[in-house]
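Residues per chain are reported as follows:
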Amino acid sequence: MGSSVVITDVTVYTPQGWQPGEVVVRDGRVAALRADQEHAALPRFDGAGGYLLPGFVNTHTHLQQAVLRGVGEGLPLLEWLRCVGEHTVAATPEQTYLSALAGGLELLRSGVTTVVEHLWPNPSDQVHQAVIRALDELGIRVVLGRGIADRADVTRKWGLDPRLMQPLDEAFAHIDALDRQLAGSRITTALAVPNPRCLTPDGMAAARAYAESTGKTVSIHVLETTTDDDMCRLHAGMGAVDYLDTHGFLGERTLAVHCVNLDAHGRAVFAGRGVTVSYNPISNMRLGSGIAPIGDMLAAGIDVTLGVDGAASNDTQDMLLTLRMGAYLQRAAHRRADLFGIDRMLYMATGAAGRVLGGPVHTGIAVGDRADLTLVRFDRDFACLPVLDPGATLLTAASPRVVDTVWVDGEAVIRDGHSTRVDTDELTRRLIHMR
């Protein structure tokens, strides 16, 4: 059961827009947007004139990469992947724990309350336990994508690094065990597929059957570059989207990441199957992958969410920066300043993930929502002042410096910009001396 509090003196971002007032949280849920006598006994939190938003939902990252910032800089995607892959194979549980702790804390400090973590396939339970330990300590809400694959290829062009392979039945059994372990926590599990090339037709059928029987989200990198299409046409005689669709892989709980090269045919297939896309603009820029056709996806009726991606390709976990660059990149591509304003971007960063993650689909804070909330105070950073329009300021000028308090289930896991659960001085010391 979550915590209870009345957050006072705030301007609240609701489905109807910005409204001055307060938010009542009872047992981890938003109970009211105005306190009355029945809430008199609840503790108060003074919002000091700040702005209260739904917590951001980061639909894609690799927290194991937070200790690999800058790795492979300047390399094209496939070479970069091989570089990162060597570090992934060599990662110890201790390195994994510190990386997830650092990356997850950075997410929280930029207003993220829910993260979809995409783990690479790995047969080690110790590595998974290290990630879980870190994320549980932080208090963030997590959809933990457990990596799966059933086609090995040392070149990684038509399959996965053989050193990380594990039979699918063993991976599914491990997920079942994790579900039992995590019951009642803020961490749930999902399936994470590196790309269409890593699953055989039988593997796709098995993954889809398991996901449907358990109600799980399936996250998969799709068409980050043209490699998926090139390899699928070479080996399967069809493009990547058709390869996935022909074998029944696509559905409403499919989260397709990147989709930089998703053409009109692919967009029509995704829209028809109810696939959701995770847009990762900074990673796409850093690796030179290109600009995802987000406007065309939205026009086709595809739900588009926002992802930060791993810290080896971003190289931060700053959701506010991703929010801004996601809008600016599309404006530059279309040479129009009137596209992707704050309401559109906030929806992408919050409510648009509802269907694929099995939650509500709306913009803003509403009664009945989980009390996953972010308070921003622009007076924490003079570079945001004066505030002529809070939405414009949030989109164009805000940084983690303005994130004052973050609640998950009504618990303040960030207060005054700092974790209430993690000793950041000790974390810094350990990261400096990590080998």
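The preceding data block contains the structure.
All of these numbers come straight from a predicted model, not from anything done at the bench. (Residues numbered from 1 in each chain as written. Predicted model: local features only at pLDDT ≥ 70, side-chain atom pairs only at ≥ 80, totals over all residues. Heavy atoms only, no water.)

In most cases, non-glycine residues show a negative phi, while peptide bonds are predominantly trans. Cis rather than trans, the peptide bond between Asn314 and Asp315 has omega equal to 15 degrees. Positionally, Asp315 belongs in the loop between strand 12 (303-306) and helix 11 (319-334). Going from Leu385 to Pro386, the amide bond is cis rather than trans, its omega being -5 degrees. Considering the arrangement of structural elements, one finds Pro386 in the loop between strand 13 (373-376) and helix 14 (390-396). The phi dihedral of Asp27 falls on the positive side, at around 50 degrees, and the residue is not glycine. Mapping Asp27 onto the fold places it in the loop between strand 2 (17-26) and strand 3 (29-32). The backbone phi angle of Arg335 is positive, close to 55 degrees, even though this residue is not glycine. With respect to the helices and strands, Arg335 occurs in the loop between helix 11 and helix 12 (342-349). Its relative accessible area of 79% is what places Arg335 among the exposed residues. (Helix = DSSP H or I, 4+ residues; strand = E, 2+ residues; numbered from the N terminus. Buried < 20%, exposed > 50% of the residue type's maximum accessible area, 1.4 Å probe, protein only.)

The subject of this paragraph is the nonpolar core. Membership of the largest hydrophobic core comes to 95 residues, with the highest contact counts inside it found for Leu135, Ile140, Leu191, Phe249, Phe270, Met297 and Leu394. Among the elements that make up this core, the one with the highest residue count is helix 2 (residues 93-109) (eight residues). Residue assignment places this core across two domains, with domain 1 (5-55 + 363-419) and domain 2 (56-357) each supplying three or more. If sequence neighbours within four positions are ignored, Met297 has contacts with Cys259, Leu262, Arg267, Val277, Ala292, Ile302 and Val304. In this structure, Val23, Phe45, Ile365 and Ala371 belong to the second largest nonpolar core, which totals 15 residues. (Core = buried A, V, L, I, M, F, W, Y, C linked by side-chain atoms within 4.5 Å. Domains from an automatic or database assignment. Contact = heavy atoms within 4.5 Å.)

Time to look at the pattern of salt bridges. Applying the stated rule across the entire model yields 28 salt bridges. Between Asp409 and Arg141 there is a salt bridge, with the nearest N and O atoms lying 2.6 Å from each other. Here Asp409, found in the loop between strand 14 (403-408) and strand 15 (411-415), pairs with Arg141, found in strand 7 (residues 141-147); they are 268 residues apart in sequence, far enough to count as distant. Side by side, Asp409 and Arg141 carry an identical accessibility label, which is buried. For Asp296, the salt bridge goes to Arg267, with nearest N and O atoms at 3.9 Å. Of this pair, Asp296 sits in helix 10 (residues 294-300) while Arg267 sits in helix 8 (residues 264-273), and the two are 29 residues apart along the sequence. Judged by relative accessible area, which is 14%, Arg267 ranks as buried. (Salt bridge = Lys/Arg side-chain N within 4 Å of Asp/Glu carboxyl O.)

By themselves, these observations are geometric and do not establish any function.
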